[in-house]
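Take a look at the letters that make up each chain.
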Amino acid sequence: MRSIQRRLSLGLISVLLIVGLLLGQSSLWLFDRSLRNYLQATLQDETQTLLGAIVRGPNGLQLDERRLSAAFKRPYSGLYFRIDLAGQNWRSRSLWDRELTPAATSGLQEALSDGPQGQLWLVYRADYQRYGEQIVIHVARDYTPILNSFSQVQKIILALGIAALVLILLLQRLTVSRALRPLEKARLQLMQLQQGQRSQLDQHVPLELEPLVAQINHLLAHTEDILKRSRNGLGNLGHALKTPLAVLFNLATRDELKQFPQLRESLNVQLQQIEQRIARELGRARLAGEALPGAHFDCAHELPELFSTLTMIHGNHLELNWQAEAGLRLPWDREDLLELLGNLLDNACKWADSDVQLHISRQAEGYQLLIDDDGPGIDATQREEVISRGNRLDEAVAGHGLGLGIVRDIVDAWAGQLQLTENPLGGLRVRVTLPLKRT
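Residues numbered from 1 in each chain as written. Predicted model: local features only at pLDDT ≥ 70, side-chain atom pairs only at ≥ 80, totals over all residues. Heavy atoms only, no water.

Structural notes on the overall build of the protein chain
Part 1 of the argument: The helix and strand tally for the protein chain stands at eight helices and 15 strands.
Part 2 of the argument: Residues classed as buried in the protein chain amount to 39% of the 439 residues present. (Helix = DSSP H or I, 4+ residues; strand = E, 2+ residues; numbered from the N terminus. Buried < 20%, exposed > 50% of the residue type's maximum accessible area, 1.4 Å probe, protein only.)

Quick notes on the sheet that holds strand 13 (residues 366-373)
Part 1 of the argument: Spatially, the five strands line up as an open sheet ordered 10-12-13-15-14, and their pairing is mixed. Since the sheet does not close on itself, it has two edges, and those belong to strand 10 (319-324) and strand 14 (417-422), each with one partner. Here the average twist between neighbouring strands, direction ignored, is 15°.
Part 2 of the argument: As paired elements, strand 13 and strand 15 (residues 428-435) share seven bridges and run antiparallel to each other. Opposite Ile371, over in strand 15, you have Val430 as the bridge partner.
Part 3 of the argument: Its contacts with the sheet put helix 5 (residues 299-314) on strand 10 and strand 12 (355-363), and the angle it makes with strand 10 is roughly 170°. (Pairing = 2+ DSSP bridges. Axes fitted to C-alpha atoms, helices over the stretch in contact; angles between N-to-C directions. Contact = heavy atoms within 4.5 Å.)

Focus: helix 6 (residues 334-351)
Part 1 of the argument: In this model, helix 6 (18 residues) spans 26 Å end to end at C-alpha, consistent with the 26 Å of a helix rising 1.5 Å per residue.
Part 2 of the argument: Taken across its 18 residues, helix 6 has 15 buried, putting it largely inside the fold. (Expected span 1.5 Å × (residues − 1).)

Considering the environment of Leu158
Part 1 of the argument: Within the element layout of this structure, Leu158 appears in helix 2 (residues 144-194).
Part 2 of the argument: The class of Leu158 is exposed, set by a relative accessible area of 54%.
Part 3 of the argument: Note: C-alpha distance between Leu158 and Leu21 (137 residues apart in sequence) is 9.1 Å.

Some points on the packing of helix 5 against helix 6
Part 1 of the argument: Viewed as axis vectors pointing N to C, helix 5 and helix 6 meet at an angle of 40°, and their least axial separation amounts to 11 Å. Our pair here, helix 5 against helix 6, has a crossing hand that is right-handed. Of the residues in helix 6, those in contact with Glu302, Leu303, Leu306, Phe307, Leu310 and His314 of helix 5 are Arg334, Leu338, Leu341, Gly342, Leu345, Asp346, Cys349 and Lys350.
Part 2 of the argument: Of the residues that constitute the contact of helix 5 with helix 6, the class distribution is eight nonpolar, two polar and four charged. (Left-handed = near helix turned anticlockwise from the far one by under 90°. Nonpolar A, V, L, I, M, F, W, Y, C, P; charged D, E, K, R; others polar.)

A look at the nonpolar core
Part 1 of the argument: Formed by 37 residues in total, the largest nonpolar core has its most connected members in Leu303, Leu330, Leu340, Leu341, Leu345 and Ile360.
Part 2 of the argument: Sorting the residues of this core by element identifies helix 5, strand 11 (329-333), helix 6, strand 12, strand 13, helix 8 (404-413), strand 14 and strand 15 as the ones contributing at least two each.
Part 3 of the argument: With 28 residues, the next largest nonpolar core counts Leu51, Leu63, Val139 and Tyr143 among its residues. (Core = buried A, V, L, I, M, F, W, Y, C linked by side-chain atoms within 4.5 Å.)

Comments concerning a nonpolar patch on the surface
Part 1 of the argument: The grouping of Leu158, Ile162, Val166 and Leu170 at the surface amounts to a nonpolar patch, some 390 Å² of accessible area in total.
Part 2 of the argument: Within the secondary structure, Val166 is located in helix 2.
Part 3 of the argument: Judged by its relative accessible area of 43%, Val166 falls in the partly exposed class. (Patch = residues over 30% accessible without salt bridge, like charges linked within 9 Å, V, L, I, M, F, W, Y side chains within 5 Å. Areas by Shrake-Rupley, 256 points an atom, 1.4 Å probe, with all protein chains shown as cover. Salt bridge = Lys/Arg side-chain N within 4 Å of Asp/Glu carboxyl O.)

Quick look at the packing of aromatic side chains
Part 1 of the argument: Counted by the stated rule, this structure contains five aromatic pairs.
Part 2 of the argument: Where Tyr80 meets Trp121, the ring centres are 4.8 Å apart and the plane angle is 40°; that geometry is what we call tilted. With a gap of 41 residues between them, Tyr80 in strand 3 (residues 79-85) and Trp121 in strand 7 (residues 120-130) connect regions that are remote in the sequence. In this structure, Tyr80 and Trp121 share a single accessibility class: buried. (Phe/Tyr/Trp six-rings, centres within 6.5 Å; stacked < 30°, edge-to-face > 60°.)

With respect to the side chain of Gln119
Part 1 of the argument: Summarising the element assignment, Gln119 is placed in the loop between strand 6 (113-114) and strand 7.
Part 2 of the argument: Classification of Gln119 by relative accessible area gives buried; the value is 8%.
Part 3 of the argument: Leave out the neighbours within four places in its chain, and Gln119 touches Tyr76, Gly78, Tyr80, Ser113, Asp114, Asp142 and Thr144.

Concerning unusual backbone geometry
Note: most residues except glycine have negative phi, and most peptide bonds are trans.
Part 1 of the argument: Although it is not a glycine, Tyr76 adopts a positive phi angle of roughly 50°.
Part 2 of the argument: For Tyr76, the location among the structural elements is in the loop between strand 2 (60-63) and strand 3.
Part 3 of the argument: A relative accessible area of 22% means that Tyr76 is categorised as partly exposed.
Part 4 of the argument: Despite not being glycine, Gln117 shows a phi value in the positive range, around 55°.
Part 5 of the argument: Assignment of secondary structure puts Gln117 in the loop between strand 6 and strand 7.
Part 6 of the argument: The class for Gln117 is exposed, based on a relative accessible area of 66%.

Examining the side chain of His314
Part 1 of the argument: Assignment of secondary structure puts His314 in helix 5.
Part 2 of the argument: Other than its neighbours up to four places away in sequence, His314 contacts Asp346, Cys349 and Lys350.

What about the pattern of salt bridges?
Part 1 of the argument: For the structure shown, the criterion picks out 13 salt bridges.
Part 2 of the argument: Salt-bridge contacts for Arg187 lead to Glu184; the nearest nitrogen and oxygen are separated by 2.6 Å. Within this pair, Arg187 and its partner Glu184 are both found in helix 2, separated by three residues, close to a single helical turn.
Part 3 of the argument: By relative accessible area, which is 37% here, Glu184 ends up partly exposed.
Part 4 of the argument: For Asp298, the salt bridge identified is with Arg329, shortest N-O distance 3.6 Å. Of the two residues, Asp298 sits in strand 9 (residues 296-298) while Arg329 sits in strand 11, which places them 31 residues apart along the sequence.
Part 5 of the argument: Residue Arg329 is classed as partly exposed on the basis of its relative accessible area of 28%.
Part 6 of the argument: In the salt-bridge network here, residues are joined through shared partners; they are Arg82, Asp84, Arg91 and Glu99.

This is a description of form; function is not addressed.
See below:
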């Protein structure tokens, strides 16, 4: 889609061109009509002067050339006449060897007539009755200099119009750029919102943007409220189930069930799985915290809190370390990355003897996450099976992970790669490679 700036510029150019052409042509047409009306009065005066030059002579009516203007005597001077009366006609010497074609109607002729040397004539016809004779007088004036002046004026107006158009476009571009600054500011705030750097948009915006900003802020508040209520509901549900589970555990250990060892063992296994599931979901809700929807993962801010939570869960006998570049931010949703890292680190903590390490780095092709532990690891023949099928080899160990299969689903959703290998510590290395992502 074309930009608003370009669309406004094209629209303004079209309007200005149309209006400018209409105004320019209308002005020239009005000027031409005014000038023709002025020349009509001048030519009418010339016809009256010529009429006064017609006098009686010994041989009848004759033309007194002493009363004629000098322009009528100079060849192709630009001023011409023709007088017609019964039986004779007179022509000005300025016509030389050209004829002035008689007009069909009286008054100023609309069409210009062709004259000598490329001239265009403005012709006026007047009909008079004098000395009992019908006299028709034609006076013509060269209109070419005026047309040339019109052409020069058109060129000047065109040049001035182009200059004015360029100036107006520059001013319009400046004005539109200033008018669109609030939109650019809102776009930057939306980017900051996406990255989790703010909780809502600034409400100090132009009047036209107030409804949009208000709706976005309302949606953000509603979404955050839903997340909080879902998180609180999950926590309340988990805590509410703890008491019934404790009662069921006590019932499963009662002496009445000793005579049913298989039933007792089955109950204990199922109750342990329920307890582990509740503990995992509560841990996930606790790790998610109160972050903004869509907040990106700031390593320096999130990892210390995550590792502190893991230390509380698994005790102080493990040495937990992490490394990441200063100021590194991963352009994915904070809660998704907390779930991914929380599960992988939780599994590593359950199987590690004493050491768990996390290393996050940005590379040319994307981001790399390495989770190492010094536990027994996973046999090479079982690694691919664990990833592909989502099987859990750690169900016997109490913990808070959701399994490598779920981690694999998250990585696949981001078009990344998940690999299980050995590490220098002797245990398992989980390598997660994520592609670069535009923010």
